[in-house]
Each structure stands twice: as C-alpha cells, then as structure tokens.
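# Residue-level structural notes
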Amino acid sequence: DVQSNQPLFLQAEKLIGNATPNGFVRELIGNVVLTQGSVNITCNRAVHYVEQNRADLFGNVILKQGGVTMKAAQATYNGFSRQISGSGTNGVHFRDVF
C-alpha cells in the first residue's frame, strides 16, 4: 500500500530529541502538526517514537482526513497502520461528512 509507506511529517514550536534504549524519541511542544498523506493531526504536545512510527498525542487532539474529523484530549497514532485511538474525560468526538 503506497499510503502506508508515506513518511510522517512533524512540526512544532519546540523539538527535543533523545536517544533511549528503545530507540530515538522526539518530543514536540506547542502547535504540533503531524501529517501523513491525507491525514492531518494537530495537538498541543506529542511524543514521537521514531523506530515504532508511533506518536502519543496530548491536548486538543484534532484529526482530519477527508470528511472525517475526530477530537479527543489525547490519542495515539500508528504511522504504519494509519490508525488512531483516542480518549478523554469528555469522550471522543467523531464526525463523518459524506
């Protein structure tokens, strides 16, 4: 699948990178934007596990892809499977426009 091989693009106001025993980790802080193909995610803070191609997302998480919008307090995005799971004290809000 061509889409699943697309790289994750990340941007933020601040980036902190660390090498850990489990691989390289990037912490992104402030106006975080993550894009992969047609997936666009914004949040306040993210922790990107580079080798796992996974990002934990925190604070005002908004995912948009086509007519689909998901909002949550926090979520995890898997760049290999292109799946997101979210949670929050007010639940997860999902909107699908055809």
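Residues numbered from 1 in each chain as written. Predicted model: local features only at pLDDT ≥ 70, side-chain atom pairs only at ≥ 80, totals over all residues. Heavy atoms only, no water.

### Description of the packing of aromatic side chains
Considering all chains together, one arrives at 0 aromatic pairs under this definition. Taking the ring centre of Phe58 as reference, the NZ or CZ of Arg45 above it sits at 4.4 Å. (Phe/Tyr/Trp six-rings, centres within 6.5 Å; stacked < 30°, edge-to-face > 60°. Lys NZ or Arg CZ within 6 Å of the ring centre and 35° of its normal.)

### Observations concerning the pairing of strand 4 (residues 39-49)
Of the pairings in the sheet, the one linking strand 3 (residues 23-36) to strand 4 comprises 10 bridges and is antiparallel in character. Paired with Glu27 across the two strands is Val47, which belongs to strand 4. The hairpin formed by strand 3 and strand 4 contains 2 residues between the paired strands, and Gly37 there has a positive phi angle of roughly 60°. Following strand 4, the chain reverses through 4 residues before pairing antiparallel with strand 5 (residues 54-65); Asn53 in that reversal takes a positive phi of roughly 55°. (Pairing = 2+ DSSP bridges. Helix = DSSP H or I, 4+ residues; strand = E, 2+ residues; numbered from the N terminus.)

### With respect to the pattern of salt bridges
Summed over the entire model, instances satisfying the criterion amount to 2 salt bridges. A salt bridge links Arg45 to Glu27; its shortest N-O distance comes to 3.1 Å. Within this pair, whereas Arg45 is found in strand 4, its partner Glu27 is found in strand 3, the two being separated by 18 residues in sequence. Given the relative accessible area of 30%, Arg45 is considered partly exposed. (Salt bridge = Lys/Arg side-chain N within 4 Å of Asp/Glu carboxyl O. Buried < 20%, exposed > 50% of the residue type's maximum accessible area, 1.4 Å probe, protein only.)

### Quick look at unusual backbone geometry
Unusually for a residue other than glycine, Asn53 sits at a positive phi of about 55°. Inspection of the secondary structure assignment puts Asn53 in the loop between strand 4 and strand 5. With phi around 60°, Arg82 is a residue other than glycine that occupies positive phi space. Here Arg82 shows up in the loop between strand 6 (68-78) and strand 7 (83-87).

### Examining the nonpolar core
Ranked by internal contacts, the top residues of the largest apolar core, which has 16 residues, are Leu34, Ile41, Cys43, Ala46, Leu57, Val61 and Tyr77. Where this core is concerned, the elements lending two or more residues are strand 3, strand 4, strand 5 and strand 6. (Core = buried A, V, L, I, M, F, W, Y, C linked by side-chain atoms within 4.5 Å.)

### Regarding the environment of Asn53
Overall, Asn53 belongs to the buried group, its relative accessible area being 12%. Other than its neighbours up to four places away in sequence, Asn53 contacts Leu8, Gln36, His48, Tyr77, Asn78, Gly79 and Phe80. (Contact = heavy atoms within 4.5 Å.)

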